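# Survey of secondary and tertiary structure
Here is what each chain is made of, one letter per residue.
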Amino acid sequence: VSRKQIAGQLPEGFRKLAPGQRKAAWETLFLLDDDERAAAAAGPGAFELADLMVEAAVGVVPLPLGLASGFVIDGENLDLPLAVEEPSVVAAAGYAAHIIAKGGGFFTEADEPLMESYVYLEGVDDEGLARIRTSEEAVRAALTAVQSSLERRGGGFRSMKAERLPETGLVAVELSIDVRDAMGANILNTAAETAKPLLEAASGGSALMCILSNASPARRARARFSLPLEVLGAYARGCTGMEAARRMALAWALADEDPRRAVTHNKGIMNGVAALAQATMNDTRAVEAAAHAWAARTGRVRPLSRFELREGALHGSIELPLALGTVGGSVDLHPASRAALRLLGNPDSSRLARIASALGLAQNFAAVLALVCGGIQQGHMRLHAARLAYRAGASGPATREAAGLMARSGVYTLDAARQALAQLETASAIPVGRKPTEASTTGQEGVQV
Ligand code: MEV
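Criteria and cut-off values
- Residues numbered from 1 in each chain as written.
- Predicted model: local features only at pLDDT ≥ 70, side-chain atom pairs only at ≥ 80, totals over all residues.
- Heavy atoms only, no water.
- Pairing = 2+ DSSP bridges.
- Helix = DSSP H or I, 4+ residues; strand = E, 2+ residues; numbered from the N terminus.
- Axes fitted to C-alpha atoms, helices over the stretch in contact; angles between N-to-C directions.
- Contact = heavy atoms within 4.5 Å.
- Near = heavy atom within 4 Å.
- Polar contact = N/O pair within 3.5 Å; in protein donor to acceptor, adjacent residues only side chain to side chain.
- Areas by Shrake-Rupley, 256 points an atom, 1.4 Å probe, with all protein chains shown as cover.
- Nonpolar A, V, L, I, M, F, W, Y, C, P; charged D, E, K, R; others polar.
- Salt bridge = Lys/Arg side-chain N within 4 Å of Asp/Glu carboxyl O.
- Buried < 20%, exposed > 50% of the residue type's maximum accessible area, 1.4 Å probe, protein only.
- Phe/Tyr/Trp six-rings, centres within 6.5 Å; stacked < 30°, edge-to-face > 60°.
- Lys NZ or Arg CZ within 6 Å of the ring centre and 35° of its normal.
- Expected span 1.5 Å × (residues − 1).
- Arc of directions from axis to C-beta.
- pLDDT = per-residue confidence, 0-100.
- Core = buried A, V, L, I, M, F, W, Y, C linked by side-chain atoms within 4.5 Å.

In a beta sheet, neighbouring strands pair by backbone hydrogen bonds and run either parallel or antiparallel. A sheet is described by the order of its strands in space; here four strands give the open sequence β5-β6-β4-β7, paired in antiparallel fashion. Pairing within the sheet leaves two strands with one partner each, and these edge strands are β5 (156–164) and β7 (206–212). Taking each pair of neighbouring strands and ignoring which way they run, the sheet shows an average axis angle of 20 degrees. When strand β4 (residues 114–122) meets strand β6 (residues 171–178), the two strands line up antiparallel, connected through eight bridges. Within β6, the residue paired with Leu 121 across the bridge is Val 171. Those strands touched by helix α6 (residues 126–133) are β4, β5 and β6, and its axis lies near 165 degrees from that of β5. Strands in contact with helix α9 (residues 185–203) are β4, β5, β6 and β7; relative to β4, the strand with the most contacts, it is inclined by about 35 degrees.

Here it is, written out as C-alpha cells:
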C-alpha cells in the first residue's frame, strides 16, 4: 500500500481489529521505513499498557525524556526528569539550576492538597438553598462511607459551601476535599456524585452536573531564590549583574502590564512544569488550565513569577496552583513515571508540587535572562540545527558535528545541513548518514539567523 493511498484514512474494518492486529496494521500501513519503525513502533510491554490506558490504542508516541541536573531545592540536590519535544527546555532548566545553586538554590513551600468539587443544582428556591446549608454533616457522613481509605491517609471531606449563581440561577454546592497524594479528579468526582442525591433531596432541586473544578486555587506551591549580582553578572551575556537584574525586573513589570507578554512569560514557566508533569504521567491539561486561570484571576493575564532587584541581589519568586499526583491514575501505574518519581526520591504530592514550582521558576529565569541579555534565537537555532542535520540524513556523532558546522556558518536550512554532511563525508571519506527518506526530509525547511 502506498503512503498516498492511505494518507488520511484508516482501511475499512480497522476499528474492529483485535488490539494486536490493530497495532500490526498501524505499523505496517503508517510506519513506512526502518527509521520510522525503529523510532515509533511500540514494544509489546509499552503497547499492553497503552491499550489499558486509552481506547483504540495503536501504539505510543515516544517523547524524549531528559534529565535537568544541578537543582538545589530546599538544600537537596536533585535531577529532574522532563518529557518534552522542545529542544531548549532541558538545557535551559539545567543551566538555570546551575546558576541559582550558586546563590543557595530554591526555597519552596506548598499548601495542603485541598481541591474542590461541585454539584450544580437547578430548580432550588431560597428555602431549598437554606436547607442545603444545614446539610453539611449529612454530606460529611455520606462521604466518610466512600472515603475511608483517603481518611486513613489523613485526607477527606473538609467543608461545604453553597451559593446561587446570579446569571443562570443555578446553585453551586462546593465540596472541599483534602486529596492527599492523588491528583484528585476521581476522588472529587465520586464525592460530588455521592453527595448529589442527598443535596437534591434536601433542596428539592435537580442536579445539572457533578464535577471537580480544575482551578484548584487552594492547592498552590511557591518557590523563590536570591542571586548575588556578581553571580548573575558572570552568566549574563554582554550585561553586568546589575544591568541584567534591572532588565529582568523590567521584563517582569512588562509582563505584569501587558497580557500579551504575560502569556508567553507564563508559557516559558509551563515549559518546565508541563514537562515534569508529563514525565510523571500527570494530567498536563489540568495543570495548564489551573495555572492560566490563576494567572488571570484579577481579570487580566499576569505573570505567575516575579523578578525584583533589591539589596544587591536578584530575587525571583513564583506561585501557582499545582494539582500533581504521586499515586493513582497513570502516575504509579506506568513504569516510566514510576522511574521518574524514583529519581525524585519518591516525593509526596506536596513535595512534587514544590519541585515543579522551582522548576517553573528556573525555566522562566533562563528564558528571561536570555531574552534581556542577548536574545534567545541564536541558542535555539543551534539546537534546531541537529534536527535539520537528522532530517538531511545524518546519524550518530555526525548529527552533532554537522550541527556544529551549521552553527559556525549561522545558516540553518535543510540545504545547509546537506552541505555540512557532504563536507563531513568528504573530510572523513566514509558515509556519515542514514539514508534519508521522503518521510523524514519533508517539513520545515529552517531559517537563516
Ligand atoms: C519558548 O518556548 C519560551 C519563551 O518564549 C518564554 C519567554 O518568552 O519567556 C522563551
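The next subject is the side chain of His 334. In this fold, His 334 is placed in the loop between β10 (313–321) and α14 (335–343). Sequence-distant contacts of His 334, defined by excluding residues within four places in its chain, comprise Leu 49, Met 53 and Met 281.

Turning our eyes to something else, we now look at the sheet that holds strand β9 (residues 305–310). Strand order in the open sheet made by the four strands is β3-β8-β10-β9, with antiparallel pairing throughout. Each edge of the open sheet is held by one strand with a lone partner, namely β3 (107–110) and β9. Taken over all neighbouring pairs, the strand axes of this sheet differ in orientation by 15 degrees on average, direction set aside. Both strand β8 (residues 220–228) and β10 contribute to a ladder of nine bridges, which runs antiparallel. Bridge pairing in β10 links Arg 220 to Pro 321. In the packing of helix α11 (residues 241–257) onto the sheet, contacts are made with β9 and β10, and the angle to β9 comes to roughly 140 degrees.

Moving on, we get to the site of the ligand. The environment of the ligand is formed by Glu 86, Arg 261, Thr 264, His 265, Lys 267, Gly 268, Asn 271, Ala 367, Leu 371 and Ile 376. Within the side chain of Glu 86, a nitrogen or oxygen atom sits 2.6 Å from an oxygen atom of the ligand. For the ligand, the protein covers 86% of the area, taking 300 Å² as the surface of the free molecule. Every element with two or more residues in the shell around the ligand is listed here: α12 (259–279) and α15 (349–372). In terms of residue count, the dominant contributor to the shell around the ligand is α12 (six residues). Of the residues in the shell around the ligand, the class split is three nonpolar, four polar and three charged.

A separate point is the environment of Pro 259. If you trace the backbone, Pro 259 turns up in helix α12. Remark: the alpha-carbon pair of Pro 259 and Leu 343, spanning 84 residues in sequence, is separated by 36 Å. Ignoring sequence-local partners within four residues, the contact set of Pro 259 consists of Arg 300 and Val 301.

Attention shifts here to the pattern of salt bridges. Opposite charge on two side chains lets them pair, provided their charged atoms get close. In total, this model carries 27 salt bridges according to the counting rule given. A salt bridge links Lys 23 to Glu 27; the shortest N-O distance between them is 3.1 Å. Placement of both Lys 23 and Glu 27 in helix α2 (residues 19–30) is noted, with a separation of four residues, approximately one turn of the helix. Judged by relative accessible area, which is 15%, Lys 23 ranks as buried. Glu 308 serves as the salt-bridge partner of Arg 310, at 3.6 Å between the closest nitrogen and oxygen. Classification of Glu 308 as partly exposed rests on a relative accessible area of 25%. One salt-bridge network, in which partners are shared between bridges, spans Glu 109, Asp 111, Arg 220, Arg 222 and Glu 319.

Under the counting rule described, the total for this entry stands at six aromatic pairs. Seen in terms of ring centroids, Tyr 95 and Tyr 235 are 6.1 Å apart; in terms of plane orientation they differ by 80 degrees. Their pairing is edge-to-face. Taken together, the residues Tyr 95 in helix α5 (residues 88–101) and Tyr 235 in helix α10 (residues 229–235) connect sequence positions 140 residues apart. Classification of Tyr 95 by relative accessible area gives partly exposed; the value is 39%. Here Phe 225 and Phe 365 contribute two aromatic rings whose centre-to-centre distance is 5.5 Å and whose plane-to-plane angle is 85 degrees, an arrangement assigned as edge-to-face. Of the two residues, Phe 225 is situated in strand β8 and Phe 365 in helix α15; the sequence distance between them amounts to 140 residues. One aromatic cluster is present, built from ring pairs that chain together Phe 71, Phe 106, Phe 225 and Phe 365. Directly above the ring of Trp 252 sits Arg 306, whose terminal nitrogen or CZ lies 4.0 Å from the centroid.

The subject of this paragraph is helix α17 (residues 397–409). The terminal C-alpha atoms of α17, which comprises 13 residues, lie 19 Å apart, in line with the 18 Å expected from a rise of 1.5 Å per residue. Within the span of α17, buried status applies to Ala 398, Thr 399, Ala 402, Ala 403 and Met 406. Buried residues in α17, looked at end-on, bunch into an arc of 140 degrees, giving them a common side. Across from the buried face of α17, at angles greater than 90 degrees, the exposed residues are Pro 397, Arg 400 and Arg 408. Summarising the contacts, the buried residues of α17 are in contact with α16 (377–391), β11 (411–413) and α18 (414–428). Taken from the residues just after α17, Gly 410 is the one with a positive phi, measuring 75 degrees.

With that out of the way, let us pick up the confidence of the model for the protein. Model confidence for the protein is summarised by a mean pLDDT of 92, while 94% of its residues fall at 70 or above. For the stretch residues 443–449, pLDDT sits under 50, and the model shows 24 contacts to residues farther than four places along the chain or on other chains.

Let us look at the pairing of β8. The sheet contact formed by β3 and β8 spans four bridges and is antiparallel. In the sheet register, Ala 110 faces β8, and the bridge partner there is Ala 221.

Ranked by internal contacts, the top residues of the largest apolar core, which has 63 residues, are Phe 71 and Phe 365. The element that contributes the greatest number of residues to this core is α15, accounting for 13 residues. If we skip the residues at most four places from it in the chain, Phe 71 touches Glu 76, Asn 77, Leu 78, Leu 80, Ala 93, Ala 97, Phe 106, Ala 358, Leu 359 and Ala 362. Ranked by size, the runner-up nonpolar core spans 25 residues in total, among them Leu 129, Phe 157, Met 160 and Val 179.

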